[in-house]
Amino acid sequence: MTLETVSTNKAFGGVQGVYRHASSATGTDMTFSVFVPPQALAGAKVPVVWYLSGLTCTHANVTEKGDFRRACAELGLIFVAPDTSPRGEGVPDDPAGAYDFGLGAGFYVDATEDPFAANYRMYSYVTEELPALIAANFPADMGAQAITGHSMGGHGALTIALKNPDTYRSVSAFAPIVSPLRCPWGEKALTGYIGGDRTGWRRYDATALIEDGARVPDILVDQGGADNFLEGQLKPALLAEACEAAGIPLTLRMQDGYDHSYYFISTFMEDHLRWHAARLA
């Protein structure tokens, strides 16, 4: 696969890059960012942390606001941030132009419903195509991968880790949508992408996956107490109940006064990276 370099900048002794390529999974051009720490520039292969963004975001949100580079440079971690959905002329969108479906809202699923099935294949993109591209072009130790994400991306991180426990050594999330089966965002997205049969939604719902037997060693979640989506959309208590019943150690930290923004994410990003680094070592 041909990789186009959009930009590179030196940061904390490493390189922050933005790249573009033609994706076979989505049938569109896809843009993503990669921070390569100084250890990797010196010739070492280093672990990879995947970050999945939330509704409306692109790779740029965390790249510009996430405050991850200093910690990644210290810990020797490659940090990869893909887009949230396919984009471009001809890619179907929400008919009403809503923010919570269509462009910017791929929900990290492989859509099966027309007209979305042709392009909205973010699960395959994130778990297959992009890792192969990273392995071929960056000094990444693909035997040491971790995954995290925010909101819709937290949902993606949790479900992808639960479905691929041999691929990801650790998983965390910031304010994740823990059960799309039981929130308006998820119900809208999964109906549109997967169809009306709710039994098919369970493979994209973290709590349902745990109830159905999926397991990971442990999970870290930070959730802002002043998040205006907490009660209606995110519902972390559902994840806590599922983990307790399954015996999965869950560290759920309710952070008083924090909202849903990158002010919240950047505050606790270093904690998450250190947590992952301990499990990737």
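First things first, this report covers the structure right here in the doc. Worth saying up front: this structure is predicted, and the values here are computed from it rather than measured. (Residues numbered from 1 in each chain as written. Predicted model: local features only at pLDDT ≥ 70, side-chain atom pairs only at ≥ 80, totals over all residues. Heavy atoms only, no water.)

**Section: the sheet that holds strand β1 (residues 4-11)**
At step 1: The mixed open sheet is built from nine strands, whose spatial order is β1-β2-β3-β5-β4-β6-β7-β8-β9. Of all strands in the sheet, those with a lone pairing partner are β1 and β9 (250-255), marking the two edges. For this sheet, the mean inter-axis angle between neighbouring strands, taken without regard to orientation, is 20°.
At step 2: Pairing geometry for strand β6 (residues 140-149) and strand β7 (residues 168-174), over three bridges, is parallel. Counted as the bridge partner of A146 is S170 from β7.
At step 3: The sheet contacts of helix α9 (residues 236-246) involve β8 (219-224) and β9, and relative to β9 the element is tilted by about 160°.
At step 4: Relative to β7, helix α10 (residues 262-280) is tilted by about 165°, and along the sheet it contacts β4 (46-52), β5 (78-82), β6, β7, β8 and β9. (Pairing = 2+ DSSP bridges. Helix = DSSP H or I, 4+ residues; strand = E, 2+ residues; numbered from the N terminus. Axes fitted to C-alpha atoms, helices over the stretch in contact; angles between N-to-C directions. Contact = heavy atoms within 4.5 Å.)

**Some thoughts on the environment of T148**
At step 1: Relative to the helices and strands, T148 is located in strand β6.
At step 2: For the pair T148 and V221, spaced 73 residues apart in sequence, the C-alpha separation works out to 9.4 Å.
At step 3: Sequence-distant contacts of T148, defined by excluding residues within four places in its chain, comprise V49, W50, Y51, L52, G153, A157, S172, A173, F174, H272 and H276.

**A word on the pattern of salt bridges**
At step 1: As enumerated under the stated definition, the model contains 13 salt bridges in all.
At step 2: A salt bridge links D222 to R253, with the shortest nitrogen-to-oxygen separation between them at 2.8 Å. Residue D222 is found in strand β8, and its partner R253 is found in strand β9; the two are separated by 31 residues along the sequence. (Salt bridge = Lys/Arg side-chain N within 4 Å of Asp/Glu carboxyl O.)

**A closer look at the side chain of Q255**
At step 1: Summarising the element assignment, Q255 is placed in strand β9.
At step 2: One polar contact links Q255 to D222, side chain to side chain, over a distance of 2.7 Å.
At step 3: Leave out the neighbours within four places in its chain, and Q255 touches D222, Q223, G224, G225, F264 and F268. (Polar contact = N/O pair within 3.5 Å; in protein donor to acceptor, adjacent residues only side chain to side chain.)

**What to know about the nonpolar core**
At step 1: Counting 92 residues, the largest nonpolar core has F32, F79 and Y193 as its most contacted members.
At step 2: The greatest single-element share of this core, amounting to eight residues, is contributed by α10.
At step 3: Among all residues touching F79, those that are not within four sequence positions of it are S33, V34, F35, V49, Y51, V62, F68, C72, M269 and L273. (Core = buried A, V, L, I, M, F, W, Y, C linked by side-chain atoms within 4.5 Å. Buried < 20%, exposed > 50% of the residue type's maximum accessible area, 1.4 Å probe, protein only.)

**So, the state of the cysteines**
At step 1: In this structure the tally under the stated criterion is zero disulfides.
At step 2: Just so you know, C57 is unpaired, no disulfide at all, and the nearest cysteine sulfur is the one on C183, 16 Å from it.
At step 3: The structure places no disulfide on C243, whose sulfur is separated from the nearest cysteine sulfur, that of C183, by 17 Å.
At step 4: C243 gets classed as buried once you look at its relative accessible area, which sits at 1%. (Disulfide = S-S within 2.5 Å.)

**Examining the pairing of strand β2 (residues 14-22)**
At step 1: Where β1 and β2 come together, seven bridges link them in antiparallel fashion. Within β2, the residue paired with K10 across the bridge is V15.
At step 2: Two elements, β2 and strand β3 (residues 29-36), share eight bridges in a ladder whose sense is antiparallel. Paired with V18 across the strands is S33, a residue of β3.

**Re the packing of aromatic side chains**
At step 1: Within the structure shown, the criterion is met by 16 aromatic pairs.
At step 2: Judged by centre distance (6.5 Å) and plane angle (70°), the rings of F35 and F68 are edge-to-face. Of the two residues, F35 is situated in strand β3 and F68 in the loop between α2 (59-65) and α3 (69-75); the sequence distance between them amounts to 33 residues.
At step 3: Accessibility expressed as a relative area gives 0% for F35, which makes it buried.
At step 4: The class for F68 is buried, based on a relative accessible area of 0%. (Phe/Tyr/Trp six-rings, centres within 6.5 Å; stacked < 30°, edge-to-face > 60°.)

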